[in-house]
Each structure stands twice: as C-alpha cells, then as structure tokens.
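Residue-level listing of the chains:
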Amino acid sequence: MARAISDIQSFQPVARTLMGPGPSDIYPSVLQSLSKPTLGHLDPLFIGMMDEVKQLLQYAFQTENPFTIAVSAPGSAGMEACFVNLVEPGDTVIVCRNGVFGDRMRENVERCGAHAVMVDDAWGDPVNPEKVEAALKAHPEASIVAFVHAETSTGACSDAQALATLAREHGCLTIVDAVTSLGGVPLKVDEWQLDAVYSGSQKCLSCVPGLSPVTFSPRAIEKMQARTHKVQSWFLDQSLVLGYWSGDGKRSYHHTAPVNSLYALHEALLRLYQEGIENAWQRHRTMHQRLKAGLDNLGIGFVVDEPYRLPQLNAVYIPEGVDDAAVRQHLLNTYNLEIGAGLGDLAGKAWRIGLMGYGARDENIALCLKALEEALR
Ligand code: PLP
C-alpha cells in the first residue's frame, strides 16, 4: 500500500551497476553537470552551449548535416520525429523487422496513414539485404526503407551501409534507428549516406535518459520541404523545431528546452570526443571479448552469430533449469547489479547484458561474472 503523503521523504536511490539494455551507467561528470545552475533556454550562454552540442553530435554521428539536433524527449520521440516528418498518408515504406523495434517502426508508419511493407527476419538475425532488395523490386512505389541498425531486443547488428546503398539504388530514403549503435559500433552517417537517423542519450553515450539525437541529410530535408500534408504532430514538426536550434542568430521559442539534461548531453558527447570515437568503438569490442571469455567459462552461449553480435548488447541464453527472474532479482539484491530480461520472442529464454558507454569497463565485467557464477552455482 502507498504510504501516507505526510510520510514521504526525498527519494534516495541506491547506486546500482546498470548492465541491462539501457539506461547505462552514467559518467560521474555527466551526473555532476545536472546540478549546475539552470540558465534560461534563450540565454546567450545556453545558446552557445547548444551550438556546441550540435557540433559534438555531428562528430558522434560522423556527419556534416547542418540539421543535427537533440529532440527533447526519449528515443521513441526521435523515431516518431523521423516518421512523421518524412512519411505522408498513402506512402509505401519498407520496414525491416528482426526484433521489437522494427515493429515499433511499423506502428509509426501505419499511424502516419501510410502502408508498411514488412521484411521479416528471425529474432537474433540481422536484416537480410536480399529480402530488402526483393521488397524494393516488388514495390517500386516505396519511398523509404526503415531499419534498426542495432536491435536492442536481440543484440544483432545489421549492415546499415549495404541497406542504405540498396535503398538509394531504388530511389528510396532511409530511416535508421541508431538508438543503441551510436557511440558503441561504427556508424558513419555521411559515408554511408543515411538520411534520417535517430538515437537515444541513455545507451552508449552514457547520459541521462530523455533526449534523442537526430540528424537529417539534405535529401531528407528536401523531402520534408516537398510535403503536401501538414506534419500531424506540432511538437515533432522539425520545420518548427529548427527555428529554435538554428545557429543563425534568429533563435525563437518553440518549447522550453530541458536545460540541465542538455548540459549532461554536452558533457557526455565531450567525453566521447575526448576519447575519440574509434577508440570508443574499439573499447566496446575489447570489453565484449573479455565478457565473452568469462561467459564461455560459465557455459553461457550467445543468441546472435558472431559476425553480427553487438559488443554493447550481449544477448545470451539462460542455462537450462535456471530461474530467470530469481537470478536477476538476486543480482539486484545482492550485488546492486541490473542485467536485462529477454524481450518478446526471447522473454524467459535470454538475458541481455549491456556494456554501453561508461559501463563498458573491466570492473563491470568482473562484477557481472562474479555475480553470475555465484548465482548459478
Ligand atoms: N529503438 C531502440 C533500438 C531501442 O533500444 C529503444 C529503447 O530501448 C528505442 C528505440 C526507444 O527509445 P526510448 O526508450 O528512449 O524511447
């Protein structure tokens, strides 16, 4: 039963080690940045910081797209921002589904009044480019290909470059979910010519949840400008948001920015820049190998075949006869350690062990292996 309101005190969370599918462990300096003095969201000092956030996001996405910003809401809002701005009623969109988030894309397409052509792959497999090519040939009317680069529900990484090349060859733009990939595995927006890419602050950036970095290519902007229907969402209509984020000195009120969360994003992106993005990718790979060696010793196997495995999201089979929920509860109670449950088709069959951003480090791996070994004994 809820306690009497007069008994409620300030909330004091314990410090957990977050090794699930996100949110991930947050850099201490990022947490500290949240308690810096709040500025007005049109204060010149704050606007200067937002310009730096844009620059740092361009670095993280490896793009020179001028339209690179953070949507003031979680990854699902970044997803929705891409769909509502690029999809119009009656359009055909090819949607690749190899886990939970491909299906959320379908929902978005249908809610835009468009037709989703589904390309299905098994959970744990990457998106198959041959199936996408067949769908493109069967649906010459399609204008967009949408896929998840790093499927958090399974730990599979798809070949974003190959899928974008196919889409372009058939005159389509791409909408790419990079919520779990940004900062953890190579993601090269300009080199791979991706068009609308969204991410989340709470995964490999190790920032607080609730912000969604997005970037739109000039081709995507052209499509938005050629729309014949008004974007159905006022908040996510990017033509309106841009007035607030644009660096041309004519910044105007759109919504009240989450000022302190943006300080946190600035700090997290700065950490990524200072580490160097290639070094961050390599660190995720190295830590994944170390975790894998320990899991091998415990007889725990991976859901995804090796070439497609995400280093930052390790989906592993729960050993036969082990009580999934009891083990996760034990890790939480005894070690203050969170690992993720399986989702959808993998519920009860797999655990998802995150090595994301600041969480991809030796002491987390040692804790996780020790805790699992003890729990499975
Ligand atoms: N897409 C993927 C691949 C995700 O992993 C998530 C969240 O886990 C989302 C989209 C949605 O992001 P959010 O939970 O921040 O809304």
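Residues numbered from 1 in each chain as written. Predicted model: local features only at pLDDT ≥ 70, side-chain atom pairs only at ≥ 80, totals over all residues. Heavy atoms only, no water.

Caption draft 1: Highlighting the pattern of salt bridges. Going through the model one piece at a time under the given rule, you end up with 17 salt bridges. For the salt bridge of R361 with D25, the shortest nitrogen-to-oxygen distance reads 3.4 Å. You can see R361 sitting in the loop between β13 (350-354) and α12 (362-376) and its partner D25 sitting in the loop between β1 (17-19) and α1 (28-33), a full 336 residues away along the chain. Of the two residues examined, R361 and D25, each falls in the buried class. In this structure, D362 and R290 form a salt bridge, with 2.9 Å as the shortest nitrogen-oxygen distance. With D362 in helix α12 and R290 in helix α10 (residues 277-297), the pair connects residues that are 72 residues apart, well separated along the chain. (Salt bridge = Lys/Arg side-chain N within 4 Å of Asp/Glu carboxyl O. Helix = DSSP H or I, 4+ residues; strand = E, 2+ residues; numbered from the N terminus. Buried < 20%, exposed > 50% of the residue type's maximum accessible area, 1.4 Å probe, protein only.)

Caption draft 2: Region of the structure containing the sheet that holds β1. The sheet built from four strands is open, its strands ordered β1-β12-β13-β11 with mixed pairing. One side of each edge strand has no neighbouring strand; the edge strands of this open sheet are β1 and β11 (313-317). Across the sheet, the mean angle from the axis of one strand to that of its neighbour is 30°, orientation sign disregarded. Judged from the five bridges that link them, β11 and β13 form a sheet pairing that is antiparallel. Across the sheet, Y317 pairs through a bridge with A350, a residue of β13. Where helix α11 (residues 324-335) meets the sheet, its contacts fall on β12 (337-341) and β13, and the angle it forms with β12 comes to roughly 160°. Of the strands in this sheet, β1, β12 and β13 are in contact with α12, which crosses β1 at around 80°. (Pairing = 2+ DSSP bridges. Axes fitted to C-alpha atoms, helices over the stretch in contact; angles between N-to-C directions. Contact = heavy atoms within 4.5 Å.)

Caption draft 3: Structural detail: the domain arrangement of the protein chain. Domain assignment breaks the protein chain into domain 1 (17-24 + 276-376) and domain 2 (28-272). Computed from C-alpha coordinates alone, the two centres of domain 1 and domain 2 are separated by 26 Å. Tallying the contact residues gives 28 residues for domain 1 and 30 residues for domain 2. Of all residues in domain 1, the largest losses of buried area upon contact with domain 2 belong to I277, W281 and L310, amounting jointly to 27% of the total for that side. The tally of links from domain 1 across to domain 2 stands at zero salt bridges. At the boundary of domain 1 with domain 2, the tally comes to 13 residue pairs in polar contact (both at pLDDT 80 or more). The set of elements that each furnish at least two residues to the side of domain 1 that touches domain 2 consists of α10 and β11. (Domains from an automatic or database assignment. Buried area = accessible area lost by both parts, 1.4 Å probe. Polar contact = N/O pair within 3.5 Å; in protein donor to acceptor, adjacent residues only side chain to side chain.)

Caption draft 4: Layout of the sheet that holds strand β2 (residues 68-71). Here seven strands make up an open sheet; going across it, the order is β2-β10-β9-β8-β5-β3-β4 and the pairing mixed. The open sheet terminates on both sides in strands that have one partner only, identified here as β2 and β4 (115-120). For this sheet, the mean angle separating the axes of adjacent strands, direction not counted, is 20°. By the bridge criterion, three bridges tie strand β9 (residues 196-198) to strand β10 (residues 212-216) in an arrangement that is antiparallel.

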